[in-house]
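These are the residues of each chain, in order.
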Amino acid sequence: MKANHSVSLGLLFVFILFLNCKGDKKTNEVREEVTIEAEKPKDQVAEYYTESMEFIGPDSLSSGWTTFRYSNKSFETHLFLLDKYPEGKTIIDTKKDIFPPFDKGMDLINEGKVEEGYAAFGALPEWFQNVVYTGGAGLISPNQTTELTIKLDPGYYIMECYVKMSNGKFHTSMGMIKPIIVTSEVSDLLPPISTVNVSISSTEGIVFDDVIKAGENTIKVTFVDQKKHEHFLEHDVNLVKLDDTADLAALEAWMNWSNPKGLINPAPAGVTFLGGMQEMPAGGEGYFKATLTKGKYAFISEVPKASEKNMLKVFEVTD
C-alpha cells in the first residue's frame, strides 16, 4: 500500500502497495512493453474492470483531470491504488527488486514469525522512497462499480490491489497489477462539482458535511495532511454501507492490514464497500461518485484504531 520509507517496517507498507497482480505471463509481457502510442480512452473516462485477479482497461492516459470508472465483476473485494514510479523504474524492476523480499517476508508473517518477516522487508530497494501515491479507488465490494476523478501528472504508474486472499496472499502477488503510461498531452476535463465535502487529516480525522442526502452524490475528498501511521500506511477514505448485522469493531479491525486477518477476503458480514479515495500527498483532492439510499453508512480509513483517530464516522441517510 507509501513514500519516504526507511529500511524498516515502513518498507513493508510501501511494498505492499506496490505489489502487482499479474494475469498470465503473456499478458504481463505485453504490459511491460506498453508505449505512449497505446489507445487512450475517449472523453477521459477510463473504463477498467476486474473479472478475477487482473485489471483490464487502457494502457495509456492523458495527463490532467481523469475520470476512472472501475467495475468489480469478481467475487472478492478489491481496490486500486495508483503508484507513480520514479523515472527509469518499471514493472520489471518491481518483479526483480520487490517480489523476492516481499514473498519471503509475507511467508514468514503468515507463519507467525512477524519480526522475522519485518526484517526480510529490509532488503527492499531505496528507490521506493521516491514513489508517489496519487489516489485511486477505495474498497469496492463484488458486483459494484465506482467512478472517481483525480489529477495525474505525466509519468509511469502502477495500478495495484493489495487486498488479501483467504490464504493471506496479497492480490498483487496473484497478478493484480497493471502499468499505465500518463502522457504529456493534457486533457481538457474539469473537476466535477461536489455535493458532499469530506476532509481528512491526522489531527482532526474525517470531517464532512452535516447532511448527506439520498441519490447520486459526488463526494470531494481533501487531504489536509498526510502521515504514516503505526502500521506504516497513510490515511485514505472509504465509504461503506452498513446493514443491521454489521459489527463496527470487526470492520475497524479488518481495515488494518497489519492485523493477520486484516483486509482478507471475505470482508466482514453486513458491509458493502462503495469506493472512496486512496491516499494522496498533503493538499491533494479527488472526487468519487456514490448513489445512496436510506440507511446507515460510514466513512473509514485503513488505519489502526480508526475510531480513536476520528477516522471512523457513522452517518445516516434519511431522504
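From a predicted model like this one, the values you see are computed outputs, not experimental measurements.

(A) Layout of helix H3 (residues 91-110). The largest bend in H3 amounts to roughly 45° and is located at Ile98, with the proline Pro100 lying one to four residues further along. Those residues of H3 that fall on the buried side of the exposure criterion are Ile91, Asp93, Thr94, Asp97, Ile98, Phe99, Pro101, Phe102, Gly105, Met106, Leu108 and Ile109. Immediately downstream of H3, the backbone of Gly112 shows phi near 90°, a positive value.

(B) Spotlight on the pairing of strand E4 (residues 132-140). With eight of its nine residues buried, E4 lies for the most part within the structure. When strand E3 (residues 78-84) meets E4, the two strands line up antiparallel, connected through five bridges. Looking across to E4, one finds that His78 is bridged to Ile140. Of the pairings in the sheet, the one linking E4 to strand E12 (residues 271-277) comprises two bridges and is antiparallel in character.

(C) Molecular detail of the nonpolar core. In terms of nonpolar packing, the biggest core is built from 82 residues, with Phe68, Phe80, Leu82, Val198, Ile219, Leu239 and Phe299 touching the most fellow members. With five residues, the single largest contributor to this core is H3. Discounting residues that sit within four places of it in the chain, Ile219 has contacts with Val196, Val198, Leu239, Gly286, Tyr287, Phe288, Ala290 and Phe299.

(D) Examining the pattern of salt bridges more closely. According to the stated counting rule, one finds eight salt bridges in the structure shown. Arg69 is paired through a salt bridge with Glu47; the nearest N and O atoms lie 2.3 Å apart. With Arg69 in strand E2 (residues 60-72) and Glu47 in strand E1 (residues 45-50), this residue pair connects regions lying 22 residues apart in the sequence. Accessibility expressed as a relative area gives 25% for Arg69, which makes it partly exposed. For Glu147, the salt bridge identified is with Lys289, shortest N-O distance 3.3 Å. Separated by 142 residues along the polypeptide, Glu147 in strand E5 (residues 144-152) and Lys289 in strand E13 (residues 285-292) bring together distant segments of the chain. Residue Glu147 is classed as buried on the basis of its relative accessible area, which comes to 17%.

(E) Spotlight on the packing of aromatic side chains. Summed over the entire model, instances satisfying the criterion amount to 14 aromatic pairs. Arranged with centres 6.0 Å apart and planes meeting at 45°, the rings of Tyr85 and Tyr156 form a pair that is tilted. Of this pair, Tyr85 sits in the loop between E3 and H3 while Tyr156 is found in strand E6 (residues 155-160), placing the two residues 71 residues apart along the sequence. Both residues of the pair, Tyr85 and Tyr156, belong to the buried class. Here a set of aromatic residues connected by ring pairs shows up, and it is made of Tyr48, Phe55, Phe68, Tyr70 and Phe80. Here the guanidinium or amino end of Lys73 rests over the ring plane of Tyr49, the centre of that ring lying 4.4 Å away.

(F) Expanded view of the environment of Ile140. Structurally, the position occupied by Ile140 is in strand E4. Between the alpha carbons of Ile140 and Gly275 there is a distance of 4.9 Å; along the sequence they are 135 residues apart. With residues near it in sequence (within four places) discarded, Ile140 still touches Tyr70, Asn72, Glu76, Thr77, His78, Thr145, Thr146, Phe273, Leu274 and Gly275.

(G) Representation of the pairing of strand E8 (residues 196-201) in the model. Where E8 meets strand E10 (residues 215-223), five bridges bridge the pair, whose relative direction is parallel. Within E10, the residue paired with Asn197 across the bridge is Lys220. Of the strand pairs in this sheet, E8 and strand E9 (residues 205-208) are connected by four bridges, and their pairing is antiparallel. The partner of Ser201 across the bridge, within E9, is Gly205. Hairpin geometry of E8 and E9 is characterised by an intervening segment of three residues between the two adjacent antiparallel strands.

Analysis parameters
Residues numbered from 1 in each chain as written. Predicted model: local features only at pLDDT ≥ 70, side-chain atom pairs only at ≥ 80, totals over all residues. Heavy atoms only, no water. Bend = angle between axes of the 7 residues up to and from the residue. Helix = DSSP H or I, 4+ residues; strand = E, 2+ residues; numbered from the N terminus. Buried < 20%, exposed > 50% of the residue type's maximum accessible area, 1.4 Å probe, protein only. Pairing = 2+ DSSP bridges. Core = buried A, V, L, I, M, F, W, Y, C linked by side-chain atoms within 4.5 Å. Contact = heavy atoms within 4.5 Å. Salt bridge = Lys/Arg side-chain N within 4 Å of Asp/Glu carboxyl O. Phe/Tyr/Trp six-rings, centres within 6.5 Å; stacked < 30°, edge-to-face > 60°. Lys NZ or Arg CZ within 6 Å of the ring centre and 35° of its normal.

Interpretation in functional terms is not warranted from these geometric data alone.
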